[in-house]
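Structural overview
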Amino acid sequence: MKKLHLMLTMFLLVTTSYALAGGQGSVKVPFDPDVGWVIINTTSSSKIIASAHLDDGLPNEEFSVTVRVRYEDGSTDVHSDIAVLSTNEMGKGNVQVQVEINPPPGSETIRRLAFRVRRAPDPLYLAVAWDIPLK
């Protein structure tokens, strides 16, 4: 019962904070697997700003960053190898990227945004955000 109560409380906190931001705030999304997170925000000048943090990635590695955007009409923009995220000996690292986007006329949201941090061939750390409001 405590677990259900905790899950309901967390859902209400997330829903309330999103509503109070008027749908215009940033979105924090965890990586899969759980090694860190990404904070994603849009600007009124058609840009995405994303700050990623690895807290438990592979140590002493360099990862390529790719951002894939899908709009409401199903069209996509792919921004490959736009930055490098380097980790220290404890597997911690940060990167901030800024990408220009070109949403179709009348778009109000980014339907899906995938932020990928990858070292070929593995591992792949992936954070996916849904329904991000455009400003």
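The rules behind each value
Residues numbered from 1 in each chain as written. Predicted model: local features only at pLDDT ≥ 70, side-chain atom pairs only at ≥ 80, totals over all residues. Heavy atoms only, no water. Helix = DSSP H or I, 4+ residues; strand = E, 2+ residues; numbered from the N terminus. Buried < 20%, exposed > 50% of the residue type's maximum accessible area, 1.4 Å probe, protein only. Areas by Shrake-Rupley, 256 points an atom, 1.4 Å probe, with all protein chains shown as cover. Pairing = 2+ DSSP bridges. Axes fitted to C-alpha atoms, helices over the stretch in contact; angles between N-to-C directions. Salt bridge = Lys/Arg side-chain N within 4 Å of Asp/Glu carboxyl O.

This part takes up the overall build of the protein chain. Within the protein chain one finds one helix and eight strands. Out of the 135 residues belonging to the protein chain, those deemed buried represent 36%. Carbon and sulfur atoms provide 55% of the accessible area of the protein chain, an area that totals close to 8,200 Å².

This part covers the pairing of strand 2 (residues 36-42). Each regular strand displays side chains that alternate between the two surfaces of the sheet. Alternating positions in strand 2 separate cleanly, Gly36, Val38, Ile40 and Thr42 being buried on one face and Trp37, Ile39 and Asn41 remaining unburied on the opposite face. When strand 1 (residues 27-30) meets strand 2, the two strands line up antiparallel, connected through four bridges. By the bridge assignment for strand 2, proline 30 is matched with tryptophan 37. Counted along the chain from strand 1 to the antiparallel partner strand 2, the turn is five residues long. Pairing of strand 2 with strand 3 (residues 47-54), which is carried by seven bridges, proceeds in the antiparallel orientation. Bridge pairing in strand 3 places threonine 42 opposite isoleucine 48. Taking the residues that link successive antiparallel strands as the turn, the strand 2-strand 3 hairpin has four residues, and the phi of serine 46 there is positive, at about 60°.

Moving on, we come to the sheet that holds strand 5 (residues 76-86). In spatial order, the strands read 5-4-7-8; together these four strands make up an open sheet with antiparallel pairing. With one partner strand each, in any of the chains shown, strand 5 and strand 8 (124-133) form the two edges of the open sheet. Across this sheet, the average inter-strand angle for adjacent strands is 15°, counted without regard to direction. Direction of pairing for strand 4 (residues 62-71) relative to strand 5: antiparallel, over a ladder of eight bridges. In the sheet register, valine 65 faces strand 5, and the bridge partner there is alanine 83.

Next up on the list: the pattern of salt bridges. As enumerated under the stated definition, the model contains three salt bridges in all. A salt bridge links aspartate 55 to lysine 92; its shortest N-O distance comes to 2.6 Å. Of the two residues, aspartate 55 sits in the loop between strand 3 and strand 4 while lysine 92 sits in the loop between strand 5 and strand 6 (93-100), which places them 37 residues apart along the sequence. Exposure remark for aspartate 55: the relative accessible area of 38% places this residue in the partly exposed category. Residue classification places lysine 92 among the partly exposed residues on the basis of a relative accessible area of 31%.

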